[in-house]
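Read off the chains here:
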There are 4 protein chains.
Amino acid sequence: MTANYRIRKKKQTDFAVRTDLALEERESFPGNGGEIGGVSLREWNEERSQVKFTEVKILDERGAKAMGKPQGIYLTLEADQLAKKDEDYHREVSVQLANQIRRLIGNLIEEKENTWQLEGRKILVVGLGNPSVTPDALGPKAVNQLQMTRHLEQQYGRGFCRGKGLPVLSGIVPGVMAQTGMETAEILKGIIGETAPDLLIAIDALAARSIRRLGTTIQLTDTGIHPGSGVGNHRHSLTKDSLGIPVLAIGVPTVVGAAAIVHDTVNTMVETLASSMSTKGMGDFVQEMSSDEQYALIRELLEPEFGSLYVTPPDIDERIGQLSFTISEGIHQAFFESKPCQ
Amino acid sequence: MTANYRIRKKKQTDFAVRTDLALEERESFPGNGGEIGGVSLREWNEERSQVKFTEVKILDERGAKAMGKPQGIYLTLEADQLAKKDEDYHREVSVQLANQIRRLIGNLIEEKENTWQLEGRKILVVGLGNPSVTPDALGPKAVNQLQMTRHLEQQYGRGFCRGKGLPVLSGIVPGVMAQTGMETAEILKGIIGETAPDLLIAIDALAARSIRRLGTTIQLTDTGIHPGSGVGNHRHSLTKDSLGIPVLAIGVPTVVGAAAIVHDTVNTMVETLASSMSTKGMGDFVQEMSSDEQYALIRELLEPEFGSLYVTPPDIDERIGQLSFTISEGIHQAFFESKPCQ
Amino acid sequence: MTANYRIRKKKQTDFAVRTDLALEERESFPGNGGEIGGVSLREWNEERSQVKFTEVKILDERGAKAMGKPQGIYLTLEADQLAKKDEDYHREVSVQLANQIRRLIGNLIEEKENTWQLEGRKILVVGLGNPSVTPDALGPKAVNQLQMTRHLEQQYGRGFCRGKGLPVLSGIVPGVMAQTGMETAEILKGIIGETAPDLLIAIDALAARSIRRLGTTIQLTDTGIHPGSGVGNHRHSLTKDSLGIPVLAIGVPTVVGAAAIVHDTVNTMVETLASSMSTKGMGDFVQEMSSDEQYALIRELLEPEFGSLYVTPPDIDERIGQLSFTISEGIHQAFFESKPCQ
Amino acid sequence: MTANYRIRKKKQTDFAVRTDLALEERESFPGNGGEIGGVSLREWNEERSQVKFTEVKILDERGAKAMGKPQGIYLTLEADQLAKKDEDYHREVSVQLANQIRRLIGNLIEEKENTWQLEGRKILVVGLGNPSVTPDALGPKAVNQLQMTRHLEQQYGRGFCRGKGLPVLSGIVPGVMAQTGMETAEILKGIIGETAPDLLIAIDALAARSIRRLGTTIQLTDTGIHPGSGVGNHRHSLTKDSLGIPVLAIGVPTVVGAAAIVHDTVNTMVETLASSMSTKGMGDFVQEMSSDEQYALIRELLEPEFGSLYVTPPDIDERIGQLSFTISEGIHQAFFESKPCQ
């Protein structure tokens, strides 16, 4: 049993070293290749776009407890090239993304995965996060690039969109609580009550554990958004339970928590000491510390401010630009049989 | 009876030459100084800030019909200096604005005008318009500068704001229909249903008749927002009737409709021809044309595209900057007994 | 001789009704189809993209005087579809644009039109206009989307770009005089002196006469930018004479001057009166007014403020978005043999 | 001799744990209160604004070597309240800032500190950093809020500004190298060559060591900007030597390098281990490791990507908003005898 494992368990207490990616949560288990009860794992590659897909399914309560995330499907698309400015490549990935969006929505609305069944569906897309903080602006940017159609239905009569092979698309960028004085959940509940969409798609910037995943991974999940997730740390959940309609969440990690960096450093330090002959005793010593002693040690190292600090790369504006485009394109291709209205 | 009058009457038909200012509507009547049945007029000046106040009250149905606007109070603050970049001056005007906001809200919520009665009141502020079109961004900019407090109530317990002498302030920038696929009225109905504010303040960019009023006038009205008003031409009303809570609208003219420019040009041309000895016959001739003939003439001159085009000055970004500050400061001073939370 | 012509001539005086498009200047001549001394005209269509090309060449002093524009080539690409949000279409037009950019630059740098000859060329692109006023932000947005390469040359050594088949691309968004306190020409002279590019490409928002051309036309010219052109009304020229290097200007009309609207209205009114039997005498009367009388009439109708006011459509943000993309793509395809650096 | 000291010394090697604040560099010396050869320290408080001033003077080569910064004055204004949204407070600090700007410029241009001597002075202000990455946008935001005057001099004649008691102010926001393909130093050299200012003021976002200084400290220095400083890590210096005119740099720390966080964690961990009875031996052990061993240990912990990553708080947009205002107000008050031109 490594120090890594024991420290990880502390996450349930108050110095959360958070990842929003089920993929990373899964990786953090000791003996990464091994089985976790109640959690299934499937991996495949798409050759042309060189995208690696990983689907983590949390099957039951046991899996949910082990993973610290609710039951459901967590699908990630990974490609280093996503961080780069190659529009054709992003266009290609958006096709892959569209397929997966359709598949997950098919599950969510309990019908078979068929394009034509999405026509006439009423979909509300919400861009979560603070549009004026660069790494939090992914959702707002993606929604701003979507071609809305719901108002056409109101202008040209009910059934207009279905007739044209279009979805009934609406979208909102609510801003964050400090800007609105309201919970995002409250705003959405109100809008959903008034406009009665069949489905909510929530786009959000996520926190990862590994800096290598910043801007190179897209996660889709049918479980919605949960308290404490996202860059802005949502306080209320956005789920079928809380909102009354199914929620597909699309996220991209754009920050790593400062606490994760500190945490990883300590782990690496202990491992380094343990693996070197001269300092072996010392590393072993820490590893053999009791859980409480380890807790006390790390506690001391984590300044309280770290909880809200995040780490982000200097070219984050460009990465957000690429990925918000990829996501909005993916949504367009998932729902628009033909081109968006012209 | 002048040509001016006869052409003005056409406004009720389909080539509207629109102003959102009751002040300008009032001025457009022949014999400007005269009485209009059902409409009262009061003017005064504030010396220190050199602001001219005009209060147009539409008292009954007759007044509403004559003015083409619903019954209620329309108060304007005018000062050429508002177009200029003098922060101290804008701060001074914001004090005047705060007094008038309190007064109108006092009427709206049927209580006496008293600062302390506003404490603990739940107020939702909406910034109407398209944040990415400069002359339409007044409302969004003003709301972005407000200090929200409603979430503090949720964090620290009900009564927190009242205890601190604070209003319960929330705000939203919904965007325009092409961006959301939803009517602003739908979004607001939903949010109001969920968060139950006592009052809505709607901030909007307006269309004026006179280019001299661009960025130099602030209009307050207790009648809310009506279809066809604002730069973005709202299709649904935001009023006590439609939303269930009183609505105070604060607006600043930032555009003049292209149709207004054309219309004024024709009127001036006819008058010019009529007043010059050599062309007098011609001007008289047009003035004596039948209403239908005049209509046909002007109709021809107004290209259909003009309806949606607007005229705006090149320094509109700076004027919007000043005035959104003045309005957000005015709201702060109207509601915060002490400083906004620090 | 029509009133139209006589009024047009007044343009040389002080109430300029300006167009930045040579195409529109050419159209304004009486007997549009006829010949103008010193000016050649060539029109053709590109089938696939449905773009109409018009090349106005001002050949000599006589042509320059008649057209009120300097000698050189003015090429326009026109397509109504450019105002719409169809990325594939914009991509197609950007290929056409790239071809024409290469051709004009081939002339400018006195070499044959060959892609490979552009490799290793040092090109500075300037985005003229005020980034915070929507219709003036075309140039800034286009430059922000360009993939710069000049710094790679400095990082990886001289010859790096040529070796990779890349141009040496640099770019600047200087802002307008009220923001910088400097003439754009001064800033560019300084930067050109320090970085020694072979060519300047200036991207600018233009003023048109016809509202139908807003966002549907791209003009390329090898004559640079001249005082009084553009939305922001440049005071100093950006030309080979003033800057020492050839200048290719790329522009899109995004505004119509308010004065143009008024002017056109008066002309249409006179023509309307003249063409109707009942008012024929009146229209004829104005048409037969002496040039001075006409001048005095129109002078009276044009308020001095009109000079700086502009007319723009409410969806200008979207049109600017499309067209800045088309232009930056056109530049990429003109210069990057392969993809921009990845 | 503590581990802290020994690790700090490594900074001269290749895993720089950087601070742009001379204040923090000074603090990092062992026996903080002690004397450092060639470095003088002066501290005082301003009562009303509760600002703490610290002036670090690097007097000679010895001091420069010890501090890792060039000779000159480094003055910091510190106040926790600066992170808060209290406009009156920020206004008060801007008065303090103005006094210090005048004093440092007085030194720089070798004249006595007198307001009137600044009239007619030609000052260029540059806003360094990437305007589209929130924590790097301090300089661009501050420059955008300045009231430029240099163009008035060109419009109304040389001497206009002096006559009105105004400085001759110009400003530029050049963007970062990835956006322009040019070094900022090249752009500025060009502009300075063309417009001949007497002084450059460079406003920049800085990197601090301590997260407590983010947005609570303003540093003024008469030494200019040096390679590797700022959030964007300038590669070329902006100094009197490189540009030919004196340079006053104004900076605010808005990020902490991820490497600094890791570094501090390791130090704290070692100290924690050393101070606890049970683990004392282990901490001592690390402290007694040879410099090379320590180096190897920390080297292992610092991932190469950390060099470019930064840590920033989630409300950075608001802090940048406050402080860019404070700085632009400070500059206005330092130079404008009366109000900026209205």
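Residues numbered from 1 in each chain as written. Chains lettered and ligands numbered in written order. Predicted model: local features only at pLDDT ≥ 70, side-chain atom pairs only at ≥ 80, totals over all residues. Heavy atoms only, no water.

1. Quick look at the overall build of chain A
Secondary structure summary: chain A contains 15 helices and nine strands in total. The buried share among the 342 residues of chain A stands at 61%. Counted over contacts in chain A with a minimum sequence separation of 6, partners at least 24 positions apart contribute 73%. When the accessible area of chain A is evaluated, it comes to approximately 13,000 Å², of which 48% is carbon and sulfur surface. (Helix = DSSP H or I, 4+ residues; strand = E, 2+ residues; numbered from the N terminus. Buried < 20%, exposed > 50% of the residue type's maximum accessible area, 1.4 Å probe, protein only. Contact = heavy atoms within 4.5 Å. Areas by Shrake-Rupley, 256 points an atom, 1.4 Å probe, with all protein chains shown as cover.)

2. A look at the side chain of Thr 326 of chain D
All names here are of chain D. By secondary structure assignment, the location of Thr 326 is in helix H15 (residues 316-335). Within the structure, Thr 326 has its side chain in polar contact with the backbone oxygen of Gln 322 (distance 2.9 Å). Excluding its chain neighbours within four sequence positions, the residues that come into contact with Thr 326 are His 90, Val 93, Ser 94, Leu 97 and Ile 218. (Polar contact = N/O pair within 3.5 Å; in protein donor to acceptor, adjacent residues only side chain to side chain.)

3. Brief notes about the confidence of the model for chain A
Residue and element names in this part refer to chain A. Of the residues in chain A, 79% have a pLDDT of 70 or more, and the chain-wide mean is 83. Across residues 1-16 the pLDDT falls below 50, and counting only partners more than four positions away or on other chains, this stretch makes 35 contacts in the model. Across the predicted assembly, pTM comes out at 0.87 and ipTM at 0.86. (pLDDT = per-residue confidence, 0-100.)

4. Considerations on the side chain of Ser 324 of chain D
Residues and elements named next belong to chain D. Looking at where Ser 324 falls in the secondary structure, it is placed in helix H15. Here the side chain of Ser 324 touches Gly 321 through a polar contact of 3.2 Å, landing on its backbone oxygen. Setting aside residues no more than four positions away along its own chain, Ser 324 makes contact with Leu 138, Lys 141, Ala 142 and Gln 145.

5. A short note on the packing of helix H4 (residues 87-108) of chain B against helix H15 (residues 316-335) of chain B
All names here are of chain B. It is at 7 Å that the axes of H4 and H15 come closest, and there the two elements cross at 50°. Of the possible angle classes, the one that applies to H4 and H15 is oblique. For the crossing formed where H4 meets H15, the hand is right-handed. Within the contact between the two elements, H4 uses Glu 87, His 90, Arg 91, Val 93, Ser 94, Val 95, Leu 97, Ala 98, Ile 101, Arg 102 and Ile 105 and H15 uses Gln 322, Phe 325, Thr 326, Ile 327, Glu 329, Gly 330, Ile 331, Gln 333, Ala 334 and Phe 335. Its residues assigned to classes, the contact of H4 with H15 comprises 11 nonpolar, six polar and four charged. (Axes fitted to C-alpha atoms, helices over the stretch in contact; angles between N-to-C directions. Parallel < 35°, antiparallel > 145°, perpendicular 65-115°, else oblique. Left-handed = near helix turned anticlockwise from the far one by under 90°. Nonpolar A, V, L, I, M, F, W, Y, C, P; charged D, E, K, R; others polar.)

6. Examining the pattern of salt bridges
This model, assessed by the stated rule, comprises 52 salt bridges over all chains. When the shortest N-O distance is used, the salt bridge between Glu 55 of chain B and Arg 42 of chain B registers 3.7 Å. With a gap of 13 residues between them, Glu 55 of chain B in strand S2 (residues 51-58) and Arg 42 of chain B in strand S1 (residues 39-46) connect regions that are remote in the sequence. Since its relative accessible area comes to 4%, Glu 55 of chain B is described here as buried. Linking Arg 91 of chain C and Glu 329 of chain C is a salt bridge whose minimum nitrogen-to-oxygen distance equals 3.9 Å. (Salt bridge = Lys/Arg side-chain N within 4 Å of Asp/Glu carboxyl O.)

7. Section: the pairing of strand S5 (residues 168-172) of chain A
All names here are of chain A. For S5, the buried fraction is high: five of the five residues fall into the buried class. Burial along S5 is two-sided: the residues Val 168, Ser 170 and Ile 172 and Leu 169 and Gly 171 are all buried. With five bridges connecting them, strand S4 (residues 122-127) and S5 associate as parallel partners. Paired with Ile 123 across the two strands is Leu 169, which belongs to S5. (Pairing = 2+ DSSP bridges.)

8. Notes on the environment of Met 182 of chain B
Structurally, Met 182 of chain B is set in the loop between helix H9 (177-180) and helix H10 (184-195). Once residues within four sequence positions are removed from consideration, Met 182 of chain B is found in contact with Leu 124, Arg 150, Ser 170, Gly 171, Ile 172, Ile 191 and Thr 195 of chain A together with Met 177 and Ile 187 of chain B.

9. A look at the packing of aromatic side chains
Enumeration according to the criterion identifies eight aromatic pairs over all chains in this entry. Look at Trp 44 of chain A and Phe 53 of chain A: their rings are 5.1 Å apart centre to centre, the planes differ by 5°, and that puts the pair in the stacked class. For Phe 53 of chain A, a relative accessible area of 1% puts it in the buried group. With 4.9 Å between their ring centres and 35° between their planes, Tyr 156 of chain B and Phe 160 of chain B make a pair best called tilted. A relative accessible area of 54% means that Tyr 156 of chain B is categorised as exposed. The ring of Trp 44 of chain D has Arg 42 of chain D sitting right over it, with the charged end atom 4.2 Å from the ring centre. (Phe/Tyr/Trp six-rings, centres within 6.5 Å; stacked < 30°, edge-to-face > 60°. Lys NZ or Arg CZ within 6 Å of the ring centre and 35° of its normal.)

10. Section: the pairing of strand S3 (residues 72-78) of chain B
The side chains of a regular strand alternate between the sheet's two faces. Residue and element names in this part refer to chain B. Along S3, seven of the seven residues are buried, which leaves the element largely enclosed by surrounding structure. Alignment of S2 against S3, held across seven bridges, turns out to be antiparallel. In the sheet register, Phe 53 faces S3, and the bridge partner there is Leu 77. As paired strands, S3 and strand S7 (residues 217-221) are joined by five bridges and run antiparallel to one another. Across the sheet, the residue bridging to Thr 76 is Gln 219, located in S7.

11. Considering unusual backbone geometry
Residue and element names in this part refer to chain A. You will see that Ala 196, though not glycine, has its phi angle at about 50°, which is positive. Inspection of the secondary structure assignment puts Ala 196 in the loop between helix H10 (184-195) and strand S6 (199-208). Note on Ala 196: relative accessible area 41%, which makes it partly exposed.

12. Here's the deal with the environment of Lys 84 of chain C
Within the secondary structure layout, Lys 84 of chain C lies in the loop between strand S3 (72-78) and helix H4 (87-108). Accessibility expressed as a relative area gives 41% for Lys 84 of chain C, which makes it partly exposed.

13. Focus: helix H4 (residues 87-108) of chain D
Within H4 of chain D, 16 of the 22 residues are buried, which leaves it mostly tucked inside the rest of the structure. Sitting at the head of H4 of chain D, Asp 86 of chain D places a side-chain oxygen 3.2 Å from the backbone nitrogen of Asp 88 of chain D.

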